[in-house]
Amino acid sequence: MTSAAQTVDSLIASHIAGTLPLPAHVLVAAHLQLSDQNRGFAGDLERLGGLGLSQTQPIPLTDRDRRLASLLDGPDTAAPPAAPQQQVGLFPPALRDFVGFDVVDVPWRTKMPGFREHDVGEFDGCHINLFWIRPGRAIPSHTHGGLELTLVLDGAFNDINGRYGRGDIAIADEAVEHRPVAETDRPCIGVAVTDAPLRLTGPLGRRLIDIIGG
Ligand code: ZN
């Protein structure tokens, strides 16, 4: 049995290795910018990877590593103080840089009462969506044609697997039927990455099969 924590760790390892589809890469980078604990874990993995590559020579930064390093740099490290209007921002920098705006500028579409969505697009065979759930609203029970990764950005939701608050990643797949319910104190805002609908083995699903099976 693979625990959710182990699976998130595996996602982080794949993120460091650069093998995730782009939307999942962005989601994990955003998660690391919100999670001090897992940012430390990712740093340990990077150092281990460096030791594996070379024990004596400094490792030149590739463009990808530089981008990754800049993604992993939180707003606390050597960043200039945020201007007042930026402090109201909700999105972690990795997500804001990817979608091009922060929460106040999301062009939401109402999908059903109390549930709004913005389809960011499809990249590397995976969809990435922003969502907004009214306080106390339940999303209808559903299963998944493939894999669904959800990162909570504000508020929280609960489902059969537990509670997910800001910075938490929820993972669901074909075997999971759930009915996420937003907590009542504030809207739940997040970002979700999914395989193309009804595709059982899209890039992200194959990746997770590799992770779990390997
Ligand atoms: Zn779901």
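Here the structure is a predicted model, which means the values were calculated and not measured.

Draft legend 1. Main features of the coordination of the zinc ion. All of the protein donors around the zinc ion are His-142 (NE2), His-144 (NE2), Glu-148 (OE), Glu-148 (OE) and His-178 (NE2); their distances to the metal are 2.1 to 2.7 Å. When the donors of the zinc ion are listed by position in the chain, the intervening gaps give H-x1-H-x3-E-x29-H. Linking Glu-148 in strand S4 (residues 148–154) with His-178 in the loop between strand S7 (169–172) and strand S8 (181–182), this pair joins segments that are 30 residues apart in sequence. Per residue, the accessibility class of Glu-148 equals that of His-178, and both read buried.

Draft legend 2. Expanded view of the packing of helix H1 (residues 4–17) against helix H2 (residues 22–34). Two numbers describe how H1 lies on H2: the axes approach to 10 Å, and their chain directions differ by 110°. If you check the angle between H1 and H2, you find them roughly perpendicular. Seen from above, H1 lies across H2 with left-handed handedness. Here Val-8, Leu-11, Ile-12 and His-15 of H1 come into contact with H2, specifically with His-25, Val-28, Ala-29, His-31 and Leu-32.

Draft legend 3. Here's a closer look at H2. Here H2 is 13 residues long and its end C-alpha atoms lie 19 Å apart, about the 18 Å a rise of 1.5 Å per residue gives. Among the 13 residues that make up H2, 11 are buried, leaving the element largely enclosed by the rest of the structure. Taken residue by residue, H2 has Pro-23, Ala-24, His-25, Val-26, Leu-27, Val-28, Ala-29, Ala-30, His-31, Leu-32 and Gln-33 as its buried positions.

Draft legend 4. Region of the structure containing the nonpolar core. Membership of the largest hydrophobic core comes to 32 residues, with the highest contact counts inside it found for Phe-91, Leu-95, Leu-149 and Val-191. For this core, the secondary structure elements donating two or more residues are H1, H2, helix H5 (93–99), strand S3 (126–133), S4, S7 and strand S9 (188–195). Ranked by residue count, the leading element in this core is H2, at six residues. In contact with Phe-91, other than residues within four places in its own chain, are Arg-96, Val-99, Phe-101, Asp-102, Val-103, Val-106, Leu-130 and Leu-153. Counting 11 residues, the second-largest nonpolar core is a separate cluster that includes Ile-139, Ala-170, Ala-182 and Cys-188.

Calculation criteria
Residues numbered from 1 in each chain as written. Predicted model: local features only at pLDDT ≥ 70, side-chain atom pairs only at ≥ 80, totals over all residues. Heavy atoms only, no water. Donors = N, O, S within 2.8 Å, 3.2 Å for Na, K, Ca; no water. Helix = DSSP H or I, 4+ residues; strand = E, 2+ residues; numbered from the N terminus. Buried < 20%, exposed > 50% of the residue type's maximum accessible area, 1.4 Å probe, protein only. Axes fitted to C-alpha atoms, helices over the stretch in contact; angles between N-to-C directions. Parallel < 35°, antiparallel > 145°, perpendicular 65-115°, else oblique. Left-handed = near helix turned anticlockwise from the far one by under 90°. Contact = heavy atoms within 4.5 Å. Expected span 1.5 Å × (residues − 1). Core = buried A, V, L, I, M, F, W, Y, C linked by side-chain atoms within 4.5 Å.

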